[in-house]
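The lines below spell out each chain.
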Amino acid sequence: MSKLFPDLDLSGLKFEDFNGEKHIEREYTAYARVEDFSWIDEAPEHEQHEQWEIPYSTNTTVRGRLRLINNRRYTEAVKEKLRGEEGSYEVEFDISRDAFEMKKKACVNGYSKDRYNFPIAGSNQKWEIDVFKSQSGGRSEWVKIDLEYDSKADAVPDFPFPVKEVIIVDQDSSVEAKEIVNSLWESEWLKLEHSSARGGIVK
(Lines give C-alpha, C1' and ligand atoms only; values in the text may rest on other atoms or scores of the structure.)
Protein backbone atom coordinates (compact mmCIF):
# COMPACT_ATOMS: atom_id res chain seq x y z
CA MET A 1 0.00 0.00 0.00
CA SER A 2 1.13 3.56 -0.67
CA LYS A 3 1.86 5.63 2.46
CA LEU A 4 0.44 8.74 0.81
CA PHE A 5 -2.53 7.03 -0.83
CA PRO A 6 -3.68 3.89 1.03
CA ASP A 7 -6.03 2.96 -1.81
CA LEU A 8 -3.08 2.24 -4.10
CA ASP A 9 -1.86 -1.34 -3.91
CA LEU A 10 1.77 -1.16 -5.08
CA SER A 11 2.87 -4.49 -3.64
CA GLY A 12 4.87 -6.59 -6.02
CA LEU A 13 5.71 -3.70 -8.34
CA LYS A 14 9.30 -2.78 -9.12
CA PHE A 15 9.52 0.97 -9.61
CA GLU A 16 11.42 4.18 -9.02
CA ASP A 17 10.82 6.28 -5.92
CA PHE A 18 8.71 9.20 -7.11
CA ASN A 19 9.26 11.35 -4.03
CA GLY A 20 8.14 14.73 -5.34
CA GLU A 21 11.62 16.26 -5.09
CA LYS A 22 13.15 18.29 -7.90
CA HIS A 23 16.08 16.72 -9.75
CA ILE A 24 17.87 17.26 -13.05
CA GLU A 25 17.14 14.84 -15.87
CA ARG A 26 19.40 14.58 -18.90
CA GLU A 27 18.72 11.94 -21.51
CA TYR A 28 19.30 10.93 -25.09
CA THR A 29 16.11 10.31 -27.04
CA ALA A 30 16.01 8.28 -30.23
CA TYR A 31 13.33 6.97 -32.55
CA ALA A 32 14.14 3.67 -34.22
CA ARG A 33 12.51 1.44 -36.81
CA VAL A 34 12.59 -2.19 -35.77
CA GLU A 35 11.70 -5.28 -37.80
CA ASP A 36 12.52 -8.05 -35.32
CA PHE A 37 10.86 -7.74 -31.92
CA SER A 38 12.16 -11.01 -30.46
CA TRP A 39 14.20 -8.97 -27.93
CA ILE A 40 10.97 -8.16 -26.08
CA ASP A 41 11.00 -11.61 -24.48
CA GLU A 42 14.50 -10.93 -23.13
CA ALA A 43 13.66 -7.64 -21.40
CA PRO A 44 14.17 -8.01 -17.61
CA GLU A 45 11.66 -5.22 -16.86
CA HIS A 46 8.30 -4.51 -18.49
CA GLU A 47 5.67 -1.90 -17.64
CA GLN A 48 2.40 -0.95 -19.29
CA HIS A 49 1.77 2.81 -19.41
CA GLU A 50 -1.25 4.99 -20.04
CA GLN A 51 0.11 8.51 -20.51
CA TRP A 52 -1.52 11.92 -20.93
CA GLU A 53 -0.24 15.46 -21.44
CA ILE A 54 -1.30 18.19 -19.02
CA PRO A 55 -1.92 21.18 -21.33
CA TYR A 56 0.00 24.01 -19.68
CA SER A 57 0.32 27.36 -21.45
CA THR A 58 2.34 27.29 -24.68
CA ASN A 59 4.18 30.40 -23.39
CA THR A 60 6.02 28.44 -20.72
CA THR A 61 8.89 25.94 -20.73
CA VAL A 62 7.06 23.88 -18.10
CA ARG A 63 5.42 20.64 -19.23
CA GLY A 64 3.21 18.21 -17.36
CA ARG A 65 2.31 14.53 -17.64
CA LEU A 66 -0.03 12.03 -16.04
CA ARG A 67 0.89 8.35 -16.14
CA LEU A 68 -0.83 5.16 -15.03
CA ILE A 69 1.65 2.30 -14.58
CA ASN A 70 0.50 -1.32 -14.85
CA ASN A 71 -3.06 -0.16 -14.21
CA ARG A 72 -2.13 0.23 -10.52
CA ARG A 73 0.14 3.22 -9.93
CA TYR A 74 -1.00 6.79 -10.64
CA THR A 75 1.69 9.44 -11.08
CA GLU A 76 2.14 13.04 -12.16
CA ALA A 77 5.32 14.67 -13.46
CA VAL A 78 6.31 18.29 -14.06
CA LYS A 79 9.31 19.22 -16.20
CA GLU A 80 11.00 22.57 -16.78
CA LYS A 81 13.69 23.11 -19.41
CA LEU A 82 17.05 24.21 -17.98
CA ARG A 83 18.35 27.57 -19.13
CA GLY A 84 21.77 27.67 -20.76
CA GLU A 85 22.42 23.93 -20.45
CA GLU A 86 21.04 20.58 -21.52
CA GLY A 87 18.36 18.79 -19.59
CA SER A 88 15.35 19.62 -17.48
CA TYR A 89 14.28 19.90 -13.89
CA GLU A 90 11.83 17.11 -13.15
CA VAL A 91 9.46 16.49 -10.25
CA GLU A 92 7.50 13.23 -10.19
CA PHE A 93 5.12 12.05 -7.52
CA ASP A 94 2.28 9.63 -6.80
CA ILE A 95 -1.31 10.83 -6.89
CA SER A 96 -4.55 9.12 -5.97
CA ARG A 97 -6.73 7.31 -8.47
CA ASP A 98 -9.45 9.92 -8.04
CA ALA A 99 -7.01 12.76 -8.74
CA PHE A 100 -5.74 10.96 -11.84
CA GLU A 101 -9.20 10.36 -13.23
CA MET A 102 -10.30 13.93 -12.55
CA LYS A 103 -7.18 15.55 -14.01
CA LYS A 104 -7.28 13.26 -17.04
CA LYS A 105 -10.53 14.91 -18.13
CA ALA A 106 -8.56 18.11 -18.80
CA CYS A 107 -5.60 16.36 -20.48
CA VAL A 108 -4.75 15.86 -24.15
CA ASN A 109 -2.67 13.50 -26.29
CA GLY A 110 -3.14 10.20 -24.54
CA TYR A 111 -1.16 7.10 -25.56
CA SER A 112 -0.99 3.51 -24.39
CA LYS A 113 2.45 1.96 -24.61
CA ASP A 114 4.58 -0.89 -23.32
CA ARG A 115 7.93 0.05 -21.79
CA TYR A 116 10.78 -2.46 -21.82
CA ASN A 117 13.82 -1.66 -19.66
CA PHE A 118 17.30 -3.03 -20.24
CA PRO A 119 19.75 -2.22 -17.40
CA ILE A 120 23.28 -1.51 -18.62
CA ALA A 121 25.91 -3.68 -16.92
CA GLY A 122 28.42 -1.83 -14.76
CA SER A 123 26.33 1.32 -14.44
CA ASN A 124 23.13 2.68 -12.94
CA GLN A 125 21.80 3.44 -16.43
CA LYS A 126 19.20 1.57 -18.42
CA TRP A 127 17.69 1.67 -21.88
CA GLU A 128 13.98 2.54 -21.82
CA ILE A 129 12.18 1.37 -24.96
CA ASP A 130 8.58 2.43 -25.56
CA VAL A 131 6.54 0.27 -27.94
CA PHE A 132 3.32 1.79 -29.30
CA LYS A 133 0.34 0.51 -31.25
CA SER A 134 -0.10 1.77 -34.79
CA GLN A 135 -3.29 3.35 -36.10
CA SER A 136 -4.25 -0.06 -37.51
CA GLY A 137 -4.12 -1.53 -34.00
CA GLY A 138 -1.04 -3.68 -34.51
CA ARG A 139 2.43 -3.07 -33.11
CA SER A 140 4.16 -0.09 -34.70
CA GLU A 141 7.59 -0.82 -36.15
CA TRP A 142 8.80 2.53 -34.76
CA VAL A 143 9.83 2.67 -31.09
CA LYS A 144 11.01 5.48 -28.82
CA ILE A 145 14.27 4.93 -26.92
CA ASP A 146 15.53 6.93 -23.92
CA LEU A 147 18.83 6.79 -22.06
CA GLU A 148 19.55 9.07 -19.11
CA TYR A 149 23.13 10.31 -18.74
CA ASP A 150 25.25 12.40 -16.38
CA SER A 151 27.74 13.73 -18.95
CA LYS A 152 27.88 13.63 -22.73
CA ALA A 153 31.56 12.82 -22.34
CA ASP A 154 30.54 9.34 -21.23
CA ALA A 155 30.53 6.63 -23.88
CA VAL A 156 27.12 5.67 -25.23
CA PRO A 157 26.57 1.89 -25.26
CA ASP A 158 25.16 0.06 -28.27
CA PHE A 159 21.41 -0.39 -28.55
CA PRO A 160 20.28 -3.65 -26.91
CA PHE A 161 18.79 -4.87 -30.22
CA PRO A 162 19.31 -4.27 -33.97
CA VAL A 163 17.54 -1.35 -35.67
CA LYS A 164 16.86 -0.66 -39.34
CA GLU A 165 16.71 3.13 -39.08
CA VAL A 166 17.35 5.54 -36.23
CA ILE A 167 16.78 9.24 -35.55
CA ILE A 168 18.62 10.71 -32.55
CA VAL A 169 16.95 13.87 -31.31
CA ASP A 170 19.29 16.89 -31.03
CA GLN A 171 21.80 15.19 -33.35
CA ASP A 172 19.68 14.81 -36.46
CA SER A 173 18.05 18.19 -37.02
CA SER A 174 17.17 17.64 -40.68
CA VAL A 175 13.72 18.60 -41.91
CA GLU A 176 13.04 14.99 -42.92
CA ALA A 177 13.91 13.67 -39.46
CA LYS A 178 11.66 16.22 -37.76
CA GLU A 179 8.81 15.34 -40.10
CA ILE A 180 9.19 11.62 -39.33
CA VAL A 181 9.17 12.20 -35.57
CA ASN A 182 6.15 14.50 -35.77
CA SER A 183 4.27 11.99 -37.93
CA LEU A 184 4.89 9.26 -35.35
CA TRP A 185 3.09 11.22 -32.64
CA GLU A 186 0.39 12.63 -34.89
CA SER A 187 -0.49 9.85 -37.34
CA GLU A 188 1.51 6.63 -36.78
CA TRP A 189 0.96 5.89 -33.08
CA LEU A 190 -2.59 5.25 -31.91
CA LYS A 191 -3.98 7.96 -29.63
CA LEU A 192 -6.40 7.15 -26.84
CA GLU A 193 -9.96 8.36 -27.26
CA HIS A 194 -10.68 11.49 -25.29
CA SER A 195 -13.17 14.35 -25.29
CA SER A 196 -10.29 16.85 -25.57
CA ALA A 197 -8.45 17.02 -28.89
CA ARG A 198 -6.18 20.05 -28.70
CA GLY A 199 -2.68 20.74 -27.44
CA GLY A 200 0.96 19.95 -28.15
CA ILE A 201 2.86 16.75 -27.62
CA VAL A 202 4.91 15.95 -24.51
CA LYS A 203 7.74 13.80 -25.79
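Residues numbered from 1 in each chain as written. Predicted model: local features only at pLDDT ≥ 70, side-chain atom pairs only at ≥ 80, totals over all residues. Heavy atoms only, no water.

(A) Geometry of the pattern of salt bridges. Enumeration according to the criterion identifies 17 salt bridges in this entry. Between glutamate 85 and arginine 26 there is a salt bridge, with its nearest N and O atoms 2.6 Å apart. Within this pair, whereas glutamate 85 is found in the loop between β5 (73–81) and β6 (88–94), its partner arginine 26 is found in the loop between β1 (23–25) and β2 (27–33), the two being separated by 59 residues in sequence. As a salt-bridge pair, arginine 115 and glutamate 128 come within 3.4 Å of each other at their nearest N and O atoms. Of this pair, arginine 115 sits in strand β7 (residues 108–119) while glutamate 128 is found in strand β8 (residues 126–133), placing the two residues 13 residues apart along the sequence. You'll find arginine 115 and glutamate 128 in the same group, each marked buried. Each of Arg33, Glu35, Glu141 and Glu165 takes part in a single network of salt bridges with overlapping partners. (Salt bridge = Lys/Arg side-chain N within 4 Å of Asp/Glu carboxyl O. Helix = DSSP H or I, 4+ residues; strand = E, 2+ residues; numbered from the N terminus. Buried < 20%, exposed > 50% of the residue type's maximum accessible area, 1.4 Å probe, protein only.)

(B) Examining the side chain of lysine 144 more closely. Tracing the backbone through its elements, the reader meets lysine 144 in strand β9 (residues 139–148). Residue lysine 144 is classed as buried on the basis of its relative accessible area, which comes to 5%. There is a polar contact of 2.6 Å between the side chain of lysine 144 and the side chain of aspartate 146. (Polar contact = N/O pair within 3.5 Å; in protein donor to acceptor, adjacent residues only side chain to side chain.)

(C) Focus on unusual backbone geometry. Positive phi outside glycine occurs at asparagine 70, with the angle close to 55°. Secondary-structure assignment places asparagine 70 in the loop between β4 (62–69) and β5. The exposure class of asparagine 70 is partly exposed, given its relative accessible area of 26%. Phi at asparagine 71 is positive, roughly 60°, even though this residue is not glycine. Mapping asparagine 71 onto the fold places it in the loop between β4 and β5. Judged by its relative accessible area of 57%, asparagine 71 is exposed.

Geometry only, nothing functional implied.
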